[in-house]
Number of protein chains: 2
Amino acid sequence: MSSTDTHQPNETRIVAEPDLPIIVITREFDAPPERVFRAYTDPDLVVQWLGPRRLEMRIDRYDARNGGSYRYVHRDDDGTEYGFHGVFHEVRPNERIVQTFTYDGFPDGVSLETAVFEDLGGRTRVTGRSLMDSIEARDAMLKSGMDVGVREGYERLDELLGGQQDDSADQHTETGS
Amino acid sequence: MSSTDTHQPNETRIVAEPDLPIIVITREFDAPPERVFRAYTDPDLVVQWLGPRRLEMRIDRYDARNGGSYRYVHRDDDGTEYGFHGVFHEVRPNERIVQTFTYDGFPDGVSLETAVFEDLGGRTRVTGRSLMDSIEARDAMLKSGMDVGVREGYERLDELLGGQQDDSADQHTETGS
């Protein structure tokens, strides 16, 4: 995996492993693992940040627990819908999420997605790995423009976490304020 | 993938893709896809064939449908138990099963398993693909002795399918005759 040490702390890094059908996405956030994990698992929060800004998101189901399943739809200005679905193999609180992922438009394409949450002392590093069944599928994914959605989504997550930052009173329910 | 054309029709072939963390297992059965698929999805049948002869199998759950989950245990003569679990990403009747797979003893190891059922005209070819996240994980799996369990399991499945062959009374639930 190529690496540079000049990146900003909260820069999104998207790297293909050289000889494996794997994409690794690394990102740090100015919030502890509990809060980042919650933003990944609570559908009321997920819907506020996942994906590029220009698409509207609708969640049909998002049952983020061991054995749960999910489906959501991104919709553009023309009304065109892009649906995605999968199952949660494991949801290990504040540490790790493993799920399958399929774009409805290509039902035979299944990737295995792992997100690991590392505590950096009040900050969190999230390392996501997408495992596909061929180098071609990996490269098609890289060329699909997914990087825009990933980067913008994480910027939106920064905003969501920033908005929550001083609102410790309301942690038991949702986002607060 | 290496290939020989001298194999027997019902020979089990276990092949590692040269540069990918994938194991491909191919096997043909003297039964139509409906019956083979049922043996893969009905827990009362699965328990009769999956795994090597020397281990006793217990199924805790086996909900073979989109979004279902499973857990089963193999137990040896000493009483040592080996548990496995995962979720079904997709169960497409008589055609395809995609599921995750984890050995309880190594919870961070997750593979993505795809089984495709091909109709050969009364016979069926099953192609299984196990996708892992590293070449090392693939090679460890190959060296684990899994091939014995796979081959013996498929021989037991032959026996199960053979035993069912004249049992048209029970065909109303699934296969038809």
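Residues numbered from 1 in each chain as written. Chains lettered and ligands numbered in written order. Predicted model: local features only at pLDDT ≥ 70, side-chain atom pairs only at ≥ 80, totals over all residues. Heavy atoms only, no water.

## Quick look at the overall build of chain A
Right, on to step 1. On a plain count of helices and strands, chain A comes out with four helices and eight strands.
Right, on to step 2. Along chain A, helices and strands appear, N-terminal first, in the series β-β-α-α-β-β-β-β-β-β-α-α.
Right, on to step 3. For chain A, the proportion of its 177 residues judged to be buried stands at 46%.
Right, on to step 4. Of the contacts made within chain A by residues no fewer than 6 positions apart, 44% connect residues no fewer than 24 positions apart. (Helix = DSSP H or I, 4+ residues; strand = E, 2+ residues; numbered from the N terminus. Buried < 20%, exposed > 50% of the residue type's maximum accessible area, 1.4 Å probe, protein only. Contact = heavy atoms within 4.5 Å.)

## A word on the sheet that holds strand β6 (residues 96–103) of chain A
Residue and element names in this part refer to chain A.
Right, on to step 1. If you trace the eight strands from one edge of the open sheet to the other, you get β1-β2-β8-β7-β6-β5-β4-β3, paired in antiparallel fashion. Of all the strands in the sheet, just β1 (13–16) and β3 (56–62) have a single pairing partner and so form its edges. Within this sheet the neighbouring strands show an average axis-to-axis angle of 20 degrees, counted without direction.
Right, on to step 2. Direction of pairing for strand β7 (residues 111–119) relative to strand β8 (residues 124–131): antiparallel, over a ladder of eight bridges. Residue pairing in the sheet places Glu113 in a bridge with Ser130 of β8.
Right, on to step 3. Contacting β2 (22–29), β3, β5 (81–92), β6, β7 and β8, helix α1 (residues 33–41) runs over the sheet at an angle of about 155 degrees to β7.
Right, on to step 4. Sitting on the sheet, helix α3 (residues 135–142) is in contact with β1, β2 and β6, with an inclination near 40 degrees to β2. (Pairing = 2+ DSSP bridges. Axes fitted to C-alpha atoms, helices over the stretch in contact; angles between N-to-C directions.)

## Let's talk about the interface of chain A and chain B
Right, on to step 1. Each partner contributes to the interface: chain A provides 28 residues, whereas chain B provides 27 residues.
Right, on to step 2. Interface of chain A and chain B: buried area, both sides summed, is about 1,900 Å²; carbon and sulfur atoms make up 61% of it.
Right, on to step 3. Along the contact surface separating chain A from chain B lie four salt bridges.
Right, on to step 4. With a closest N to O distance of 2.6 Å, Asp108(B) and Arg92(A) form a salt bridge.
Right, on to step 5. Those elements that place two or more of their residues in the side of chain A that touches chain B are β5, β6, β7 and β8 of chain A. (Buried area = accessible area lost by both parts, 1.4 Å probe. Salt bridge = Lys/Arg side-chain N within 4 Å of Asp/Glu carboxyl O.)

## So, the relation of the copies chain A and chain B
Right, on to step 1. Of the transformation superimposing chain A on chain B, the axial component is 0.0 Å and the angular component is 180 degrees, with the fit at an RMSD of 0.0 Å. The two molecules are tied by a two-fold rotation axis, judged by turn and shift.
Right, on to step 2. Mapped onto chain B, 96% of the interface residues of chain A again fall at the interface, so both copies present the same surface. (Least-squares fit on C-alpha atoms with pLDDT ≥ 70 in both.)

## Some remarks on the environment of Val73(B)
All names here are of chain B.
Right, on to step 1. Along the chain, Val73 turns up in strand β4 (residues 69–75).
Right, on to step 2. When the C-alpha positions of Val73 and Gly121 are compared, they lie 35 Å apart, and in sequence the two are 48 residues distant.
Right, on to step 3. Each residue touching Val73, except ones within four places of it in the same chain, is listed here: Glu56, Met57, Arg58, Asp60, Glu81, Tyr82 and Gly83.

## A short note on the UniProt feature "domain: Activator of Hsp90 ATPase homologue 1/2-like C-terminal" (unreviewed entry) in chain A
Right, on to step 1. The UniProt entry lists residues 30–162 of chain A under the feature "domain: Activator of Hsp90 ATPase homologue 1/2-like C-terminal" (unreviewed entry), expressed in the numbering used here.
Right, on to step 2. Spanning residues 30–162 of chain A, this segment combines 31% helix with 38% strand, and its end C-alpha atoms are found 8 Å apart. (UniProt positions renumbered as here; feature names shortened; annotations may be inferred.)

## Describing the nonpolar core
Note that soluble globular proteins tend to have their nonpolar side chains buried in a common cluster.
All names here are of chain B.
Right, on to step 1. Counting residues in each nonpolar core, the largest one holds 31 residues, and the members touching the most others are Val36, Tyr40, Phe117, Tyr154 and Leu157.
Right, on to step 2. Considering each element in turn, this core owes the most residues, six residues, to helix α4 (residues 146–164).
Right, on to step 3. Residues within four places of Val36 in sequence aside, it is in contact with Phe29, Ala31, Phe117, Thr124, Val126 and Leu161. (Core = buried A, V, L, I, M, F, W, Y, C linked by side-chain atoms within 4.5 Å.)

## Side note on unusual backbone geometry
Right, on to step 1. Notably, Asn94(A) is not glycine yet its phi reads approximately 65 degrees, a positive angle.
Right, on to step 2. With respect to the helices, strands and loops of the structure, Asn94(A) is situated in the loop between β5 and β6.

## A few points about the environment of Asp30(B)
Right, on to step 1. In this fold, Asp30(B) is placed in the loop between β2 (22–29) and α1 (33–41).
Right, on to step 2. A distance of 3.2 Å separates a polar atom in the side chain of Asp30(B) from a polar atom in the side chain of Asn10(B). (Polar contact = N/O pair within 3.5 Å; in protein donor to acceptor, adjacent residues only side chain to side chain.)

## Re the pairing of strand β7 (residues 111–119) of chain B
Residues and elements named next belong to chain B.
Right, on to step 1. Where strand β6 (residues 96–103) and β7 come together, six bridges link them in antiparallel fashion. Of the residues in β7, the one forming a bridge with Phe101 is Ser111.
Right, on to step 2. The hairpin turn running from β7 into strand β8 (residues 124–131), its antiparallel successor, is four residues long, and Gly121 in that turn takes a positive phi close to 80 degrees.

## Focus: the packing of aromatic side chains
Right, on to step 1. Tallying each qualifying case throughout the model produces 24 aromatic pairs over all chains.
Right, on to step 2. A centroid spacing of 5.8 Å and a plane angle of 20 degrees characterise the contact between Tyr70(A) and Tyr72(A), whose relative ring orientation is stacked. Accessibility assignment for this pair places Tyr70(A) and Tyr72(A) in one class, buried.
Right, on to step 3. Ring centres of Tyr62(B) and Tyr70(B) lie 5.7 Å apart, and the angle between their planes is 50 degrees; on these two criteria the pair is classed as tilted.
Right, on to step 4. Residue classification places Tyr62(B) among the buried positions, given a relative accessible area of 13%. (Phe/Tyr/Trp six-rings, centres within 6.5 Å; stacked < 30°, edge-to-face > 60°.)

## Description of the side chain of Thr100(B)
Right, on to step 1. Here Thr100(B) lies in strand β6.
Right, on to step 2. A polar contact of 2.7 Å, which involves the side chain of Thr100(B), links it to the side chain of His89(A).

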